[in-house]
Each structure stands twice: as C-alpha cells, then as structure tokens.
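Reading the structure
Take a look at the letters that make up each chain.
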Amino acid sequence: MASNPSKLYSDDVSLVMVLLDTNPFFWSTSSLPFSQFISHALAFFNSILLLNQLNHVVVIATGYNSCDYVYDSSWADNQSSDDGRMPALYSNLLQKLEEFMIKDEKLGKEESPGKIASSLLSGSLSMALCYIQRVFRSGVLNPQPRILCLQGSPDGPEQYVAVMNSIFSAQRSMVPIDSCYVGSHNSAFLQQASYISGGVYVKPQHLDGLFQYLVTVFATDLHSRRFLQLPRPAGVDFRASCFCHKTTIDTGYICSVCLSIFCKHHKKCSTCGSVFGQAQSESSLESNDKRKATET
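No experiment lies behind these values; they were computed from the predicted model shown.

**Digging into the overall build of the chain**
Summing up its helical and strand segments, the chain has eight helices and 10 strands in all. Per-residue burial over the chain gives 46% buried out of 296 residues. Sequence separation of 24 or more characterises 65% of the internal contacts of the chain that already satisfy a separation of 6 or more.

**Concerning the sheet that holds strand E5 (residues 177–181)**
As summarised here, the arrangement of the six strands in space is E3-E2-E1-E4-E5-E6, forming an open sheet in which the pairing is mixed. Where the open sheet ends on each side, the last strands, each with one partner, are strand E3 (67–72) and strand E6 (201–202). Pairing of strand E1 (residues 14–21) with strand E2 (residues 56–62), which is carried by seven bridges, proceeds in the parallel orientation. Within the sheet, the bridge partner assigned to valine 18 lies in E2 and is valine 59. This element, helix H2 (residues 34–51), spans E1, E2, E3 and strand E4 (144–151) of the sheet and lies at about 175° to E1. Strand contacts of helix H7 (residues 210–218): E4, E5 and E6, with the helix running at about 160° to E5, the strand carrying the most contacts.

**Considerations on the packing of H2 against H7**
Where H2 contacts H7, the axes come no closer than 9 Å and their chain directions differ by 30°. The angle between H2 and H7 places the two elements in the roughly parallel class. Viewed along their axes, H2 and H7 form a crossing whose handedness is right-handed. Packed against H2, whose contacting residues are Phe37, His40, Ala43, Phe44 and Ser47, the element H7 presents Leu210, Phe211, Leu214, Val215 and Phe218 at the interface. Per-class residue counts for the contact of H2 with H7 are eight nonpolar, two polar and no charged.

**Quick look at the packing of aromatic side chains**
Within the structure shown, the criterion is met by eight aromatic pairs. Ring geometry for phenylalanine 44 and phenylalanine 45: centres 6.2 Å apart, planes at 55°, overall tilted. No difference in accessibility class separates phenylalanine 44 from phenylalanine 45, as the two residues are buried. Among the aromatic residues, those joined into a ring-pair cluster are Phe26, Trp27, Phe34 and Phe37.

**Things to note about the environment of leucine 230**
Of note, leucine 230 is situated in the loop between H7 and strand E7 (240–241). Placed 28 residues apart in sequence, leucine 230 and valine 202 show a C-alpha to C-alpha distance of 9.7 Å. The residues touching leucine 230, leaving out its near neighbours within four places in the chain, are Val200, Val217 and Arg225.

**Digging into unusual backbone geometry**
With phi around 60°, methionine 174 is a residue other than glycine that occupies positive phi space. Along the chain, the position of methionine 174 falls in the loop between helix H5 (160–172) and E5. Classification of methionine 174 by relative accessible area gives partly exposed; the value is 47%.

Conventions used here
- Residues numbered from 1 in each chain as written.
- Predicted model: local features only at pLDDT ≥ 70, side-chain atom pairs only at ≥ 80, totals over all residues.
- Heavy atoms only, no water.
- Helix = DSSP H or I, 4+ residues; strand = E, 2+ residues; numbered from the N terminus.
- Buried < 20%, exposed > 50% of the residue type's maximum accessible area, 1.4 Å probe, protein only.
- Contact = heavy atoms within 4.5 Å.
- Pairing = 2+ DSSP bridges.
- Axes fitted to C-alpha atoms, helices over the stretch in contact; angles between N-to-C directions.
- Parallel < 35°, antiparallel > 145°, perpendicular 65-115°, else oblique.
- Left-handed = near helix turned anticlockwise from the far one by under 90°.
- Nonpolar A, V, L, I, M, F, W, Y, C, P; charged D, E, K, R; others polar.
- Phe/Tyr/Trp six-rings, centres within 6.5 Å; stacked < 30°, edge-to-face > 60°.

Remember, this is a structural readout, not a statement about activity or role.
Shown next, in the form of structure tokens:
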C-alpha cells in the first residue's frame, strides 16, 4: 500500500521508525561504548521531535534473538520526570530497553554457540513496515514515513531472503530505508536497502561525533532532501547469499524457476523442487537414440 499525497499532513511531518541495534556481541567489542551510543541516539530523537510537534518517532530494539518496540512518542505525551533532568518518556525508553536486553540475553543462552553474532535485522524491518501500514490504514492523514537503521552488527547471511523481501516491500510502499552503520566494515544488506528504497547510507568516520552525523543527514524530512546535497555511497555491495550454506558468494548458480541462489551445482532445487539439466539430458538421450537407429 503506497503512500499518496492526499493522506499526508504536510511536507515536513515525519514518521521515523528507528531500528536500534542492541546486539551485546557487537557492543562488547566496539570502540564506541553502548552507553555513549544511546546518549547520541536519545539526543537525536529529541531533535526530531523538536523540529515539528507533529513528528512521530518509534524505536524498535534489534537484538540477537528477538526484536520489540521499546519507545513510541505517542505513548507519553506531556510527561515529565520528577527530578527534572530527563523527561519521563526517555526514562521509560531506557527502562524498556534494559528489560528487552535482559530478555534477549536469556533467549541467547538457549541458542547454539556456533551461531553467527548478527542482530535480527529482518525481524525489525518487518515490524517497522507493519507499523507503517497500520498507521496508513488508521486514518485519513498520515506523516511521511521512513526507516532509520542504527546498526553495528555484521550481516547475517541466513537472513538474506527475509531482508531482501523487506527491502522490496519498502520500495513498493515508497518508504526510504536510511542506514547509519557504526561497525568496522560496510554492511551489504544496508547498502542495498538504502540504494533500492531511495534512502541514505552513511558510515561515520568519527564515532565520537555520531550525533552530528545523525542530525545533519537523517533529521531532514523527505521534502527538504530535494534541496540538500546528501552523502552518496562510493559503491554498493550487491553480492548475494547462497540458499544452501548461507554464505556470501561472488558467483553462483540460479534456479530459473524460483531464482534461488546456490554456490554449487545441484541436481534439484531445494526451494521449488525443479530438476536442473532435465531438458539437456532428455535432448541428449533423443539424439543418441536417433544416431543408433541410423547406424542400424
């Protein structure tokens, strides 16, 4: 369901779905402490809400085993804390975030130790798109939606199909996916997500100034982006993950029926069951029969 101009408040009202990476395996090795990362993120959320009183911010925590809503700016309007130092809505965010991380850690103990330490990006993208569709159908007027991925964990090749489905769903709904990647290497998933959906991909060079990157690039509404020179990625990694071993490959084999990707040749597609090379084997058998009949 694509957004249309008749359903918008105005050009500068935004619905920002923030996907917050809380993977403990990444933050335990990152040069940027998680507490400092949260501090930059909270200041950025406050900046978006200050730009327009109708702006809407929703935060989805992306954990190692699960993902969940931890903040919605419509939950706690006109609330204030007792000590006056931090709004109650941010206190609730931090409390829900702590509860989520404890719950996610308990789920992690039940997983196998050989699992790749990647966050559940596919799940949080799906939740964000579902929330946007629910907002679209809830009333006549809706803000301009966009998704912002604050990610640091490496890509999980086992999530390739689910992530690509979410990316194409966002493209169909005209929802840009912005990406701010704070990991050591670029994320192929987020590069493709921003490129296909028309969003912006940024990998900050100086993590101490993360707030400046967020405000300068991602605080602007979609209408204002037409008049700004936003950063463009130098290149996009379009490599895919094979369906058999869930590893990133440079070249592979593609099923002509369901477009499944494999790193090695298989006699039968594990996704749709199509038999590879059946037409070639039948034609070779027919030619051999004709040749034998001619010889006799």
